[in-house]
Structure formats: structure tokens, C-alpha cells
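Coordinate inspection notes
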Amino acid sequence: MKPLHVLVLASVAALAACSKPEPAAPPVRAVRTVTVAPQSAGGVQEYAGEVRARTESRLGFRVGGKIVRRDVDLGASVKVGQRLAQLDPQDLRLGQEAARAALSAAQVNHDQAAADFKRFKELRDQGFISSAELERRETALKAAAAQLEQARAQSSVQGNQAAYTALTADAKGVITAVEAEPGMVVAAGTPVLRLAHDGPRDVVFAVPEDKVALIRQLGEAPGRFSVTLWGEAGAPLPATIREVSAAADPVTRTFLVKADVGQAPVKLGQTATVRVALPQTAGVTKLPLTALKEEQGRSIVWVVDPQSMTVRAQPVQVAGADGNDAVIGAGLQPGQVVVTAGVHVLNAGQQVKFYVEPGAASAAAASAAAGAAQVSVK
């Protein structure tokens, strides 16, 4: 039988083997940091835009009818007075002939009334008829003259209606859309073609509601706006703000802005980038975007305590962006040390150390070795 103390020692050893090991201490992480200091921020805002003509007309016939011919295609260059499309003119020509016949009848009626008035005036002068009879003849002549004027005007209207069956270009430009084809019956005013007039060009882009006031303000300052065409190498084109929409788009809730690029060599429909140079603001704090972390719906950064070399979370207010840097509106003081890399693997109170570049560490070791060698030589 084993002694009692042997059994007790065996039991203690078994309990020690079953107990959980002590958790390992969190590693001391090397972090990149930056010291907070006042800086100046300006930056550039970019918006996607599209090149459009200053004036773009949706052309349609001034009368209704059936389209029998379209003389131009999409992208065609047209001149002033060039025929673009044609309606069937048969019915309008018949109406024009009827108006001409009515004009001829009115002319004959007027001539007869004028001859009657002349004869009855001679008879009144000779005393064969009364003045009242002559007045009736004069009234008939005036009515015939009025009918003649009405028939002449109606004939002119019908002539114009017949001429309106040909859709012609009222300006030099380029066809940018075809909205009706031969065989379609269209009403008066229905858009058939879209014509972009030659002349100045605009780059149209949309801005959110909170940027409209800034765009209006910067639009009065020269040199704030420039346009770069996508897919083309070259210097940016200078631009000026010509128009800012007074109402937001009901779908996108954005405001349409037109930037004038004048007679620049751009193509209609070309995609462009509009760059807005923001004014410089002094005394702001900027941090790399990698220094920010989203936590519980707020933005935080990790601030290093130089005494204990631990980190703590510091809420900050982001006021905007300047290139790859975030502009901090509030939450930091000059002189604080902020972690700029690896923020998602840190915890509050964690021990850290400053990261040293491998090249810098080798250079420092070499410098120290050289100093020691000089001391030994002496």
C-alpha cells in the first residue's frame, strides 16, 4: 500500500495538468505613426460630364401627316435650308388648290360689285336712283373686298401649309438623334430629328445638393474649372460655369451644371472629367485615409501615449478629403501621435512600438559599428 503523501502529490500533479494555461500576453505591435501638425488643405473635386452643344433643337413638322422620306442619317452634317425629311403633300396641295379657287371666286365677286357700284353712282348723279340704293351698293362692294382679303389670306395659309411638308434645317449642325422613320404618321410638332447647332460646346455634369453653393461661388472666380477628355492625352481645357440649374432632378436629386469650353476641339457626346480646384484653407489637420477606422457608426483614430506606449481610441470628425488624405475637422490636438497603418488589428490599451524601416535600422547599426571602431582605434 502506497504512503499517503505519495497519493497527495499524485493528486496535486493531476489537478495541475487539468488546469487551463495562462493566456499569452498580447504581442507588442510595430506601428507607423504621424505627429499631428497644422497644415493647409485645398484639393480638387472631380465630376463626370458629357460634351453637348450649346444649342440643340428637336425638329418636327409644323403640320401633321405621313412621313414618306428621310434624307439624313444619324451623325450627318447639314447646312441651313437643307431638306431633312418629307411628308406626303397630297392633301395639303388639294387644300391649296381649293384656296386658290376660292380666291378667284372672291376676286370675280369683288370686280362685279365694283362695276355695279360705278354704274349706280352714275345713275344717282343723274337722279335716276336714290342715295339709299347707292349706299347698299357701296356696302356690297365693301363686303366683297373683305371676302377677297379673306380668300387671299386663306390661300397664303394653305400655301404655307403645303410648304411645311418639307422639314428643313434652320441652322448648320449635326444630326444627333432620329426619332421618327418613314411610314409613321406624326402630329404637328412631334419630334422627328435632333439637331446640334455648330458653335460653342458645353460640358454638362451633375453635383449633389450640398455642393451647389460652392459651385456657384467658385464659378465667379477665374481658373477654378478645367476639363479633361477621357481617352485623350493633352492639356486640360479651361472652362467657365455658364449655368447652374435652379431645381434638382426629381430622380437623382442632383443639380445640372453647364461648363462652357467655347470652341474647343471636342466631340459631341464625349465623356469628360470636370475638375474643380478648391480654395486653400490653412490650419487644418490632415491624416492618411489608412489612419481612420469606422467603429459603431463613428470615425476613430488610434492615439499613442508616448509614456506608456499604449494606444487609445480617439473619435474624430471628418470634414472632407484632400487627395489621399482625410481632412479632420475636430477631435485632435497638435503634437498627438496617431497610428497610420494596421489600425484594424489594434485594441484599446495595447502595447505598441514605433516601426523602423529595415533600411533605416541597417544604416543605424552600421553607423554605431563605425563609431565603435573609431573609438577602438583611438
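Throughout what follows, the structure given in this document is the object of discussion. (Residues numbered from 1 in each chain as written. Predicted model: local features only at pLDDT ≥ 70, side-chain atom pairs only at ≥ 80, totals over all residues. Heavy atoms only, no water.)

**A short note on the nonpolar core**
Considering soluble globular proteins, one finds that nonpolar side chains tend to be buried as a cluster. For the record, the criterion: Here, nonpolar core refers to any group of buried Ala, Val, Leu, Ile, Met, Phe, Trp, Tyr and Cys residues whose side-chain atoms link them within 4.5 Å. Here the term buried applies to any residue with accessible area under 20% of the maximum for its type, exposed to any over 50%, and partly exposed to those in between, with areas from a 1.4 Å probe on protein chains only. The secondary structure listing takes helices from DSSP runs of H or I that are at least 4 residues long and strands from runs of E that are at least 2 residues long, numbered from the N terminus. Contacts between residues were defined by any pair of non-hydrogen atoms, one from each residue, lying within 4.5 Å.
Counting 24 residues, the largest nonpolar core has Phe205, Val207, Phe225 and Val227 as the members making the most contacts within it. For this core, the elements supplying multiple residues, two or more each, are β4 (44–53), β13 (201–207), α4 (212–219), β14 (225–229), β15 (237–244), β16 (255–262) and β17 (271–277). Excluding its chain neighbours within four sequence positions, the residues that come into contact with Val227 are Val203, Pro236, Leu237, Ala239, Val261, Ala272, Thr273 and Val274.

**Digging into helix α2 (residues 90–125)**
Put simply, the test is: A helix is expected to span 1.5 Å for every residue after the first.
For α2, which comprises 36 residues, the first-to-last C-alpha distance of 53 Å matches the rise-based estimate of 52 Å (1.5 Å per residue) to within 8%. Residues Leu92, Gln96, Ala99, Ala106, His110, Ala113, Asp116, Phe117 and Phe120 constitute the buried set of α2. Summarising the contacts, the buried residues of α2 are in contact with α3 (131–163). Phi turns positive one or two residues past the end of α2, at Gly127, with a value near 85°.

**Overview of the packing of α2 against α3**
Where we set the bar: Axis definition: a line fitted to C-alpha atoms, over the contacting stretch in the case of helices. Angles run 0 to 180 degrees between N-to-C directions. Orientation is classified from the angle alone, with under 35 degrees giving roughly parallel, over 145 giving roughly antiparallel, 65 to 115 giving roughly perpendicular, and any other angle giving oblique. For a crossing to be left-handed, the near helix must be turned anticlockwise from the far one by less than a right angle; the clockwise case is right-handed. Side-chain classes are defined by residue name, with Ala, Val, Leu, Ile, Met, Phe, Trp, Tyr, Cys and Pro counting as nonpolar, Asp, Glu, Lys and Arg as charged, and the others, Gly among them, as polar.
Packing of α2 against α3 leaves a shortest axis separation of 8 Å and a crossing angle of 160°. Between α2 and α3, the angle is such that the two are roughly antiparallel. Note on packing geometry: the crossing formed by α2 with α3 is left-handed. Grouping the amino acids of the contact of α2 with α3 by side-chain chemistry returns 17 nonpolar, 12 polar and 7 charged.

**Thoughts on the sheet that holds β17**
Spelled out, the test is: Strands are treated as partners if at least two bridges between them are detected by DSSP.
With respect to topology, 6 strands assemble into a closed barrel ordered β4-β13-β16-β15-β14-β17, the strand pairing being antiparallel. Taking the axes of each pair of neighbouring strands and ignoring which way they run, one obtains an average angle of 40° across the sheet. With 5 bridges connecting them, β4 and β13 associate as antiparallel partners. The residue of β13 that forms the bridge with Glu50 is Val204.

**As for the side chain of Gln336**
Condition: Counting of polar contacts relies on pairs of N or O atoms within 3.5 Å, with two restrictions inside protein: one atom must be capable of donating a hydrogen and the other of accepting it, and residues adjacent in sequence are counted only when both atoms are side-chain atoms.
Mapped onto the secondary structure, Gln336 falls in the loop between β22 (325–330) and β23 (337–339). Overall, the relative accessible area of 18% leaves Gln336 in the buried class. Here Gln333 takes part through its backbone nitrogen, which lies 2.9 Å from a polar atom of the side chain of Gln336. With residues up to four places along the chain from it excluded, the contact list for Gln336 reads Val34, Thr35, Val36, Val303, Arg312 and Gly331.

**A word on α3**
Taking 1.5 Å of rise per residue, 33 residues should cover 48 Å, and α3 covers 48 Å from first to last C-alpha, within 8% of that figure. Where α3 is concerned, the buried positions are Glu133, Leu134, Leu141, Ala144, Leu148, Ala151, Ser155, Gln158, Gly159 and Ala162. Next to the buried residues of α3 lie α2.

**Here we look at the pattern of salt bridges**
To keep it simple, the criterion reads: Within this document, salt bridges are pairs made up of a side-chain nitrogen of Lys or Arg and a carboxyl oxygen of Asp or Glu, the two lying within 4 Å of each other.
In total, this model carries 22 salt bridges according to the counting rule given. Between Glu209 and Arg253 there is a salt bridge, and its shortest N-O distance comes to 3.8 Å. Residue Glu209 is located in the loop between β13 and α4, and its partner Arg253 is located in the loop between β15 and β16; the two are separated by 44 residues in the primary sequence. Residue classification places Arg253 among the partly exposed residues on the basis of a relative accessible area of 45%. Here Arg242 makes a salt bridge to Glu243, at a shortest N to O gap of 4.0 Å. Among the residues examined, Glu243 registers a relative accessible area of 36% and is labelled partly exposed. Here the residues in one salt-bridge network are Arg54, Asp202, Arg242, Glu243 and Asp260, joined through shared partners.

**Side note on the pairing of β17**
Across 7 bridges, β4 lies against β17 in antiparallel orientation. Pairing of Gly49 across the sheet is with Ala272, part of β17. Note that β14 and β17 share 5 bridges and pair antiparallel. Within β17, the residue paired with Thr228 across the bridge is Thr273.

**Quick word on the environment of Phe117**
Residue placement: Phe117 occurs in helix α2. In this structure the C-alpha to C-alpha distance between Phe117 and Ala140, which are 23 residues apart in sequence, comes to 8.5 Å. Leaving out residues up to four positions away in the same chain, Phe117 has contacts with Leu134, Arg137, Glu138 and Leu141.

**Digging into the sheet that holds strand β9 (residues 166–168)**
Strand order across the open sheet formed by 4 strands is β9-β8-β6-β11, with antiparallel pairing between neighbours. Each of the sheet's edge strands pairs with one partner strand only, and the pair in question is β9 and β11 (185–186). Inspection of the sheet shows strand β6 (residues 65–70) paired to strand β8 (residues 83–87) by 3 bridges, in the antiparallel sense. Residue pairing across strands places Arg70 opposite Ala85, the latter belonging to β8.

**Quick word on the environment of Glu294**
Assignment of secondary structure puts Glu294 in strand β19 (residues 293–295). Through-space distance from the C-alpha of Glu294 to that of Pro315 is 9.6 Å; in sequence the pair is 21 residues apart. One polar contact links the side chain of Glu294 to the main-chain amide nitrogen of Arg298, over a distance of 3.5 Å. At 3.4 Å, the side chain of Glu294 forms a polar contact with the side chain of Ser299.

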